[in-house]
Amino acid sequence: MRVLRGDTELKLGPPKRLALLSLLLLRAPGPLTLSEAVDILWDEDPPPSAVNVVRRHIGALRRTLEPGLLSRTHAEHLVRAADGYRLLVNTSTSDLLHFRDLRAQAQLAVKGGNPAQGAQDFVDALRLWRGPVVAAGTHVAQHPVFTSVGHEFVAAAKEAADVVLTAAPALTEEVLTVLRRAVDCHPFDEAVHARIIAALAATGRQAEALQQFESIRRTLAEELEVEPGPGLRAAQQHLLRRRVGPRGHAPEPPPGAALRPAQLPADCVPFAGRHKALRECLELMPLEDESRPVTTTAAICGMAGVGKTTLAVHWAHLVSDRFPDGQICIDLQGYHASLPPLDPSRAMAEVLDALGILHSPAQSATALSAAYRTALSGRRLLIVLDDAHDCEQVRPLLPATPGCLAVVTSRRRLEGLAVTDNAWVIRLDPMSREEGLEVLDRRLGADRIRAERPAAEEMVELCGGLPLTLAVASTRALLQPRFPLASLVARLRENQDSLVALSSHDARTDARRVFSRSYEALSPGAALLFRLLSLHPSRDISVPAAASLAGVDLRTASEDIAELTDHHMLVELLPGRYTCHELLRTYATALTEVLDPPGLRSDARARMFEHYLYSAEAATALLAPHRSVVVLPPPRPGVRPQRFGGCPDAAEWIVAERYVLPALVQDMGHHPRAESFRRQLTSALEMCLDPTGR
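Keep in mind that this is a model prediction, so the values were computed, not measured. (Residues numbered from 1 in each chain as written. Predicted model: local features only at pLDDT ≥ 70, side-chain atom pairs only at ≥ 80, totals over all residues. Heavy atoms only, no water.)

Caption draft 1: Quick look at the overall build of the protein. In terms of helices and strands, the protein carries 31 helices and 13 strands. Partitioning the contacts of the protein with sequence separation of at least 6, the portion at a separation of at least 24 is 69%. Of the roughly 31700 Å² of accessible surface on the protein, 53% is carried by carbon and sulfur atoms. (Helix = DSSP H or I, 4+ residues; strand = E, 2+ residues; numbered from the N terminus. Contact = heavy atoms within 4.5 Å. Areas by Shrake-Rupley, 256 points an atom, 1.4 Å probe, with all protein chains shown as cover.)

Caption draft 2: Looking closely at the sheet that holds strand β12 (residues 571–574). The sheet built from 3 strands is open, its strands ordered β11-β13-β12 with antiparallel pairing. Across the chains shown, the open sheet's two edge strands, defined by having one partner strand only, are β11 (540–542) and β12. Neighbour-to-neighbour, the strand axes of the sheet open up by a mean angle of 45°, direction not taken into account. Sheet topology places β12 next to strand β13 (residues 577–579); 2 bridges connect them, and they run antiparallel. Across the sheet, the residue bridging to V571 is T579, located in β13. Most of the contacts of helix α25 (residues 543–550) go to β11, to which it runs at about 90°, and overall it touches β11 and β13. (Pairing = 2+ DSSP bridges. Axes fitted to C-alpha atoms, helices over the stretch in contact; angles between N-to-C directions.)

Caption draft 3: Focus on the environment of T401. You can see T401 is positioned in the loop between α15 (391–394) and β9 (405–410). For the pair formed by T401 and G378, sequence separation is 23 residues and the distance between their alpha carbons is 8.2 Å.

Caption draft 4: Structural context of the state of the cysteines. The full count for this structure, using the stated rule, is 0 disulfides. Counting only cysteine sulfurs, C301 is the nearest neighbor of C391, a cysteine outside any disulfide, at a range of 8.3 Å. Judged by relative accessible area, C391 falls into the buried class, the value being 15%. (Disulfide = S-S within 2.5 Å. Buried < 20%, exposed > 50% of the residue type's maximum accessible area, 1.4 Å probe, protein only.)

Caption draft 5: View of unusual backbone geometry. The backbone of D387 sits at a positive phi, close to 60°, despite the residue not being glycine. By secondary structure assignment, the location of D387 is in strand β8 (residues 382–388). By relative accessible area, D387 is classed as buried at 17%. Positive phi, normally seen in glycine, also occurs at H568, with a value near 60°.

Caption draft 6: Looking closely at the pairing of β9. When you tally the buried positions in β9, you get 6 out of 6 residues, the bulk of the element. In β9, alternate side chains face the same way, and those of L405, V407 and T409 on one face and A406, V408 and S410 on the other are all buried. Where β8 meets β9, 5 bridges bridge the pair, whose relative direction is parallel. Residue A388 lies in a different strand from β9, and its bridge partner there is S410.

Caption draft 7: Looking closely at the sheet that holds strand β3 (residues 31–33). Taking strand neighbours across the sheet as the criterion, the 3 strands line up as β3-β5-β4 in an open arrangement whose pairing is antiparallel. Edge positions in the sheet fall to β3 and β4 (78–80), since each of these pairs with one other strand and no more. Across the sheet, the mean angle from the axis of one strand to that of its neighbour is 30°, orientation sign disregarded. In the sheet, β4 pairs with strand β5 (residues 84–87) via 3 bridges, with the strands oriented antiparallel. Bridge pairing links V79 to R86 in β5.

Caption draft 8: Inspection of the pairing of strand β6 (residues 297–301) at higher detail. With 5 of 5 residues buried, β6 is to be regarded as a mostly interior element. As judged from the 4 bridges shared by β6 and strand β10 (residues 424–427), these two strands associate in the parallel manner. Note on β10: the bridge partner recorded for A299 is V425.

Caption draft 9: Spotlight on the packing of aromatic side chains. By the definition in use, this model includes 8 aromatic pairs. Consider the rings of F530 and Y587, whose centres lie 6.3 Å apart with planes at 45°: the pair is tilted. Placement of F530 in helix α24 (residues 524–532) and of Y587 in helix α27 (residues 582–595) is noted, with a sequence separation of 57 residues between them. For the pair shown, F530 and Y587 are each scored as buried. Put simply, the rings of F515, Y519, F530 and Y587 touch in pairs and so form one group of aromatic residues. Its guanidinium or amino end placed over the ring of W42, K16 lies 5.0 Å from that ring's centre, counting from NZ or CZ. The ring centre of Y85 lies 5.0 Å from the NZ or CZ of R80, which sits over that ring. (Phe/Tyr/Trp six-rings, centres within 6.5 Å; stacked < 30°, edge-to-face > 60°. Lys NZ or Arg CZ within 6 Å of the ring centre and 35° of its normal.)

Caption draft 10: Main features of the confidence of the model for the protein. For the protein, per-residue confidence averages 84 on the pLDDT scale, and residues scoring 70 or more make up 89% of the total. Between residues 243–258, whose pLDDT stays under 50, and residues either more than four places distant or in other chains, the model counts 23 contacts. (pLDDT = per-residue confidence, 0-100.)

Caption draft 11: Up close: the pattern of salt bridges. Following the criterion strictly, the structure yields 37 salt bridges and no others. Salt-bridge contacts for R395 lead to E392; the nearest nitrogen and oxygen are separated by 2.5 Å. Residue classification places R395 among the partly exposed residues on the basis of a relative accessible area of 21%. Judged by its relative accessible area of 54%, E392 is exposed. Here R395 and D421 are joined by a salt bridge, their closest N and O atoms 3.4 Å apart. Residue R395 is found in the loop between α15 and β9, and its partner D421 is found in helix α16 (residues 415–421); the two are separated by 26 residues along the sequence. Judged by relative accessible area, which is 30%, D421 ranks as partly exposed. (Salt bridge = Lys/Arg side-chain N within 4 Å of Asp/Glu carboxyl O.)

Caption draft 12: Structural view of the nonpolar core. Ranked by internal contacts, the top residues of the largest apolar core, which has 75 residues, are L20, L24, V54, L87 and F99. Broken down by element, the residue count for this core peaks at 12 residues, all from helix α6 (residues 144–167). With near-sequence residues (within four places) excluded, L20 lies in contact with L32, A37, L41, V54, H57, I58 and L61. Residues L311, L382, A557 and Y578 belong to the second largest nonpolar core, which totals 73 residues. (Core = buried A, V, L, I, M, F, W, Y, C linked by side-chain atoms within 4.5 Å.)

Right under this line is the structure:
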C-alpha cells in the first residue's frame, strides 16, 4: 500500500498505522468502526489502551494526509463517523475503487456483447494492482477483510483471461503475466493454472504449457496428495488435442468451458454496508494454508427486500477463485411473481446441463439424484441456490461431500437445514443507519449526502433500512438531481402510506408486490393475525396480546406467530415479544382496511383493550395489594389476559408495556364501553407505574 501526493510518496509510519489506513481504504467510502479496528488489528487479545492507540494513529494519519490542517472538524480526507472514522476517497483517488469500477465496466461490456472492450477494461483494472494489501507474515494479513481483496484480484485475472483469449488475443502476454502473479499468491488454484496452460497454448508454447500441467500435478500430489480436478484435466486434454492453425488465426476458446461454468450474476456495483454479515460469510471459508474443507452449506435468510441475493452474489464473487470447477447459480423461484417454485429435479437437471453432463429427461427422480451426486463428487463447485421456498426444496440439491459450497437464500428461516444438514444460517436484518447512509453515499455521492445529512438520515429511517427501498428512493433522487433530498423525504413522510411513495411499475422493485409474495404464502390464520397486528399501537407484541387481538387461544396464536416468524414477517428480538418491521406494518394496515370488515376490526380492538385492562388489573393486584380492588365485568370471548407467576413477572410486564398502555388510554374511543374502561385503565395504569403510591 502506497500513498502519493502528486509525485511524492508519503511516509506513513509503523506497520499498525499502515494496517489501519488499509482498513480505512477497504471500508471507504463507508465507515470503519473503532471496535472493528481494534478486533482486526489486535486479533483476540487487544490491550486496554487499544482504542487510544487507534485514535493516536488516526491523528497521525490526519497530519500526514493534511499537514496544514488546524482542526479535525475541518478535515477533508479522514473524518469522524458515528462510531468510528471514514476516509473520503473515490475512483479518482483510490486505486482499489478505480479497479472495482473498471472491473464492473468490463463485466457489463462482456454481458452487453462487447467482449473486446471488456477485455481492455479488465486489463486496465489489473494494471492498477501492485501487490498484497498488507505484508505477508503479519497476523492481519490472514484476516478475511484483507484476503478477500486478494480474491478480487485473482477472480478478475481469471475473468480477463477468459475474455482476452477469445476476443483480444493481442493482450494475451499481459494477461499471462498477471496469471503468473496470481498463481504465486494462490499456488493450489487449479483454475488459474488451467488458464495459464490455455494462454501458453494460445501463444504457441505447447511444450511450456505441458510443463505447467506436470508441475501443478506434482505439486498437488506431493503437497496435498490429490490428483488434478476435472477443470485442470480438461485443459490438459484440450492441449493434447490442440492443432495450431494458420498464422494470424484467432486462438480456440479456452478449454473446459462446459466443465467450468461461470454463471454468477454481475456483482452489485457499488456494494455497500453489510460489513458484519460479509465478515461472517468470509469466516466460513478456510484460510489459504488450512486443510479443513469448505463449509458445505450456508443459508442467508431474512425478510423480503433485505438484500439476501445481493450479499450472496457479492460473497460468491469474492471467493469464486476458491472453486476452480466453476460457479453455478439456480433461481429456485420460491417467491416468484408469476412462476411456481422450481422442482428440485428440474434444478438438478440445470446443474448437470451447466457441467455439460448428459442426462435423459425420462430419468427417474432416483436416477437423476444419483447422477447429480456423482457429478458433484470430487469437484470444487460454488452453487448459489437463490430464493428457496422451503427446506424440502433445497435438501436434494445440497452437496453430499466437502469441497463444494452451496449458498442458499430464502425468506424462510430454514432452521431445518441447520438441524439435518449442519448448515450455517446467517440471519440478515435491515441495515443500520450508518449502513443505509453508506448505500446512499455510494449511489448519490458523498458530497450530496454530506450537504444534506439530516435528510439522508431520515430517508434511511423512512425506508426502514431495506436495501430495496433505499435503492428505489436513491434512484428517484438520481433522476431529480436538482431536487433537494429534503423534498423527496417530505413526500415519504407526508404520504400516509409510505409504500405508495415507494411504488413502481416493476414487480421486482415494487415493495408492496415484493411483500405480497410473502403474505400470499401464509395460512389463513397467520394472514389474519398479520393484518390485525397493524391495529396494535406498538411494533412489538406478546403472545397473549396477539391471541386477544385475533380472538384465538394461546396455542393457535403461538402457531400463527411461529409461522410469521418463519417467514420473517415478525422477529423475536426479546424473549416472548415479537416485532414487525414498520413497512410491513404499513402494508398490513392497507390489507386490513381492504380485506377485513369494520365490525371485525372493531371487535379486535375491543378485545385488545380488554386484554390490557385485565392484565393491568392483575399486575396491580400483585404489585399494590393494599389498593382497593376494582370489580370488572367478565371479559368478552377471545380475550386472553396475561398470567403472572408473581411480582417479578408483573413488574417485568409493566416495563415491557410502559409505552403501550398510555397509547391505549388515548385511543380507547373504539371500545363500546370507552369512557368506563378509560377510567379503569387510567386507574390501573397509575397504580402499575407507581405501585408505592408516591
